[in-house]
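The residues making up each chain are set out below.
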Amino acid sequence: MTATALIELREASVVRAGRAILERVSLTVSAGEIVTLIGPNGAGKTTAVRLALGLERADAGAVIRRADLRVGYQPQRISVEPTLPLPVRRLLTLTQSHPRADLIAALDTLGVAHLIDADIHVLSGGELQRVMLARAFLRKPHLLVLDEPTQNLDVNGALDIYRLIAGVRDALNCGVLLVSHDLNVVMAGTSRVYCLNGHVCCSGHPEHVSRHPEFLRLFGTAATDALAVYTHRHDHTHAPDGHAVPAAGASHDHHHHHHHDQHHPH
């Protein structure tokens with residue numbers, strides 16, 4: 001295990017009912033880097049995350065984690081009783097208590113300090129993702145594990161979340177392990193991509209992976225074309241409610257292909 005590695009899967013396999021879900025998967029996440037797992041549904045991405053988190057054991061191979069590793073985990077979805085009022089401050093302190101000042105500071109890092117007393121049921125998708133990131137941030141993790149953090153957000157909202165994740169990484173110098181199906185925004189700051197389909201088909205820098213024959217077979221050339229679009233300079237920011245705010249001096253000429261947007265009305 002390299003000196004900076006936080007977690008390493010070494011030829012890890014997971015077999016369920018005689019079927020290999022993961023086959024000899026090797027990957028590492030080191031401090032300060034953002035590593036993204038992509039792959040089709042059923043490719044074993046969540047199982048790989050569960051191995052990294054220590055929630056499942058490998059049937060073969062090894063999972064090595066740094067001693068004293070503190071992990072912040074943002075699961076794919078949280079289930080909250082819809083009839084139960086739950087203010088943001090309470091969501092942040094369900095598993096451990098923090099002074100209000102710390103809650104405000106964490107929310108402020110994610111641009112949502114004004115929502116501390118809001119009920120989570122009134123938040124937009126982007127606001128809830130920010131609050132969940134603040135919740136993970138409060139643990140001051142060495143390793144931040146995020147399962148589909150851009151789910152249900154449009155392209156611009158997703159780019160914003162990636163930017164915030166990079167900000168959290170900078171603030172904590174933590175490693176980040178992301179699961180994403182969202183090829184369009186994977187480019188926005190990922191150090192390394194692992195393309196998983198039961199086994200690691202290919203891995204490396206996003207531009208390298210996007211040209212790999214196995215990647216093209218899984219995702220098609222349209223994915224590579226889409227990737228090229230999102231490497232451009234992001235020329236505006238977004239208010240927490242999702243509307244675009246042009247950056248200073250930026251033109252209003254956006255290059256986003258809005259038909260990629262999966263905008264869900266809140």
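Residues numbered from 1 in each chain as written. Predicted model: local features only at pLDDT ≥ 70, side-chain atom pairs only at ≥ 80, totals over all residues. Heavy atoms only, no water.

1. Quick look at the environment of Leu 153
Inclusion rule: Counting from the N terminus, the helices are DSSP H or I runs at least four residues long and the strands are E runs at least two residues long. Accessibility here uses a 1.4 Å probe with only protein chains present; expressed as a share of the type maximum, an area under 20% marks a residue as buried, one over 50% as exposed, and anything in between as partly exposed.
Its place among the elements puts Leu 153 in the loop between β6 (143–147) and α5 (155–172). The class of Leu 153 is buried, set by a relative accessible area of 8%.

2. Remarks on the nonpolar core
Defined as follows: What is meant by a nonpolar core is a set of buried Ala, Val, Leu, Ile, Met, Phe, Trp, Tyr and Cys residues, joined one to another through side-chain atoms within 4.5 Å. Contacts are assigned to residue pairs with any non-hydrogen atoms lying within 4.5 Å of each other.
Judged by nonpolar contacts, the single largest core of 34 residues is most densely connected at Leu 92, Leu 107, Val 131, Leu 133, Leu 144, Ile 165 and Val 176. For this core, the secondary-structure elements that each account for two or more residues are α2 (88–92), α3 (100–109), α4 (125–138), β6, α5 and β7 (175–179). Residue contacts for Leu 133: discarding those within four places in its chain leaves Gln 74, Leu 110, Leu 144, Leu 146, Ile 161, Leu 164 and Ile 165. Listed in part, the 24 residues of the second largest apolar core include Ile 7, Ala 12, Leu 22 and Leu 177.

3. Here's the deal with the sheet that holds strand β3 (residues 34–38)
Put simply, the rule is: Here, a strand pair is defined by DSSP locating no fewer than two bridges between the strands. Each axis is a line fitted through C-alpha atoms, and for a helix only the stretch in contact is used; angles between axes span 0 to 180 degrees, taken between their N-to-C directions.
Reading across from one edge, β5-β6-β7-β3-β8-β9 is the order of the six strands in this open sheet, with mixed pairing throughout. On the outer flanks of this sheet lie β5 (71–74) and β9 (200–204), each paired with one strand and no other. In this sheet, adjacent strand axes meet at a mean angle of 15 degrees when their direction is disregarded. As paired strands, strand β8 (residues 192–196) and β9 are joined by four bridges and run antiparallel to one another. Among the inter-strand pairings, Leu 196 is bridged to a residue of β9, identified as Val 200. Across the face of the sheet, α4 comes into contact with β5 and β6 while running at roughly 160 degrees to β5. Across the sheet, α5 lies against β3, β6 and β7, angled at about 155 degrees from β7, the strand it touches most.

4. Section: the pattern of salt bridges
What counts, and what does not: One speaks of a salt bridge when a side-chain nitrogen belonging to Lys or Arg is within 4 Å of a carboxyl oxygen belonging to Asp or Glu.
In total, this model carries twelve salt bridges according to the counting rule given. Arg 50 is paired through a salt bridge with Glu 56; the nearest N and O atoms lie 2.9 Å apart. According to the relative accessible area criterion, Arg 50 is partly exposed, its value standing at 31%. Close ionic contact of Arg 89 with Asp 117 constitutes a salt bridge, the shortest N to O distance being 2.8 Å. On the criterion of sequence distance, the pair formed by Arg 89 in helix α2 and Asp 117 in the loop between α3 and α4 is long-range, its members being 28 residues apart.

5. Digging into α3
In plain terms, the rule: Here, the arc refers to the directions that run from the helix axis to the C-beta atoms.
Buried within α3 are the following residues: Leu 103, Ala 106 and Leu 107. Along the axis of α3, the buried positions cluster into a sector of 95 degrees, meaning they face one direction only. Those residues of α3 that are exposed and aimed more than 90 degrees away from the buried face are Ala 101 and Asp 108. On its buried face, α3 is in contact with α2 and α4. Backbone geometry just downstream of α3 places Gly 111 in the positive-phi region, at approximately 75 degrees.

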